[in-house]
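Residue-level structure breakdown
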Amino acid sequence: MAQLTKGEIERMDKDKIRQLKKLDTNFIEKAKNHLWKSEILRRDHPANDDNDVKMVQASLNRLMKEEYVPENGIFGHFTETLVKKLQEGIGLFPDGTVNEPFWKIMKFELEKRLADGRFEDEERKKKEKEILRQKIKEQQNEEAKAALNQLESQIFMELNNPPPADNI
């Protein structure tokens, strides 16, 4: 397998960032053009529009990088919790509901982050965290294997070398 040079890796990273930025730009364009159908979205409300909920969930996942909510169109506990956190973060009363004015604020926050280039930086941090998690997991696996091997060796020795019988 050929080794990549530092320049090739940096070029690949820049290409990935450009792709991610294009995805975010496309999402924001989709969010801007999304026709809001719901009067209000709230937890377990039977009149919630699934498409509105999915759009809110996708937006929350982009705005709240440390948190994640499934983009399933169900406005449940996880969605409500993230909505409240975002509302607190931007200085609104955290009631956990989403109406059209709050949706407009979310779109504005998405556009602002894209313009500031914060998505690129957040994506890089996310990638670094994932690499670190993987390294920690690999290290833990190696330590567990070593401990298991040591235990197996100890059991093998005990089974094959019984203690001497006492001569009384």
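Note that this is a predicted model, so its numbers are computed, not measured.

Some thoughts on the environment of Gln 57
- The topology assignment puts Gln 57 in helix 2 (residues 50–63).
- When its relative accessible area of 0% is taken as the criterion, Gln 57 is described as buried.
- When the C-alpha positions of Gln 57 and Asn 72 are compared, they lie 8.0 Å apart, and in sequence the two are 15 residues distant.
- In this structure Gln 57 touches Val 69, Pro 70, Glu 71, Asn 72, Gly 73, Ile 74 and Thr 79, once residues within four positions along its chain are discounted.
- At a separation of 3.3 Å, a polar atom in the side chain of Gln 57 contacts the main-chain carbonyl oxygen of Pro 70.

Describing the packing of helix 2 against helix 3 (residues 77–89)
- At a closest axis distance of 10 Å, the pairing of helix 2 and helix 3 adopts a crossing angle of 55°. As the angle between them shows, helix 2 and helix 3 are arranged oblique. Helix 2 and helix 3 meet at a crossing whose hand is left-handed. Judged by residue contacts, Val 56, Gln 57, Leu 60 and Leu 63 of helix 2 engage Thr 79, Leu 82, Val 83 and Leu 86 from helix 3.

Details of helix 2
- Taking 1.5 Å per residue, 14 residues should reach 20 Å; helix 2 reaches 20 Å between its end C-alpha atoms and fits that length.
- Buried residues of helix 2: Asp 52, Val 53, Met 55, Val 56, Gln 57, Ala 58, Ser 59, Leu 60, Asn 61 and Leu 63, and no others.
- With a side-chain oxygen positioned 3.2 Å from the backbone nitrogen of Asn 51, the residue opening helix 2 is Asp 49.

Points about a nonpolar patch on the surface
- Where nonpolar side chains cluster on the molecular surface, the patch consists of Leu 148, Leu 151, Ile 155 and Leu 159 and spans about 400 Å² of accessible area.
- Of note, Leu 159 is situated in helix 5 (residues 118–160).
- Relative accessible area serves as the criterion here: at 66%, Leu 159 is assigned to the exposed category.

Let's talk about the confidence of the model for the chain
- Scored by pLDDT, the chain comes out at a mean of 76, with 68% of its residues at no less than 70.
- Across the chain, the secondary-structure element scoring lowest on mean pLDDT is helix 1 (residues 6–33), at 62, and the one scoring highest is helix 3, at 90.

Quick word on helix 3
- Its 13 residues give helix 3 an end-to-end C-alpha distance of 18 Å, which sits within 8% of 18 Å, the value for a rise of 1.5 Å per residue.
- The set of residues buried in helix 3 consists of Thr 79, Glu 80, Leu 82, Val 83, Leu 86 and Gln 87. When helix 3 is viewed along its axis, its buried side chains cluster within an angular range of 165° and face the same direction. In helix 3, the exposed positions angled more than 90 degrees off the buried face are occupied by Phe 78, Glu 88 and Gly 89.
- Where helix 3 terminates, the next one or two residues include Gly 91, which has phi positive at roughly 85°.

Cut-offs used in this document
- Residues numbered from 1 in each chain as written.
- Predicted model: local features only at pLDDT ≥ 70, side-chain atom pairs only at ≥ 80, totals over all residues.
- Heavy atoms only, no water.
- Helix = DSSP H or I, 4+ residues; strand = E, 2+ residues; numbered from the N terminus.
- Buried < 20%, exposed > 50% of the residue type's maximum accessible area, 1.4 Å probe, protein only.
- Contact = heavy atoms within 4.5 Å.
- Polar contact = N/O pair within 3.5 Å; in protein donor to acceptor, adjacent residues only side chain to side chain.
- Axes fitted to C-alpha atoms, helices over the stretch in contact; angles between N-to-C directions.
- Parallel < 35°, antiparallel > 145°, perpendicular 65-115°, else oblique.
- Left-handed = near helix turned anticlockwise from the far one by under 90°.
- Expected span 1.5 Å × (residues − 1).
- Patch = residues over 30% accessible without salt bridge, like charges linked within 9 Å, V, L, I, M, F, W, Y side chains within 5 Å.
- Areas by Shrake-Rupley, 256 points an atom, 1.4 Å probe, with all protein chains shown as cover.
- Salt bridge = Lys/Arg side-chain N within 4 Å of Asp/Glu carboxyl O.
- pLDDT = per-residue confidence, 0-100.
- Arc of directions from axis to C-beta.

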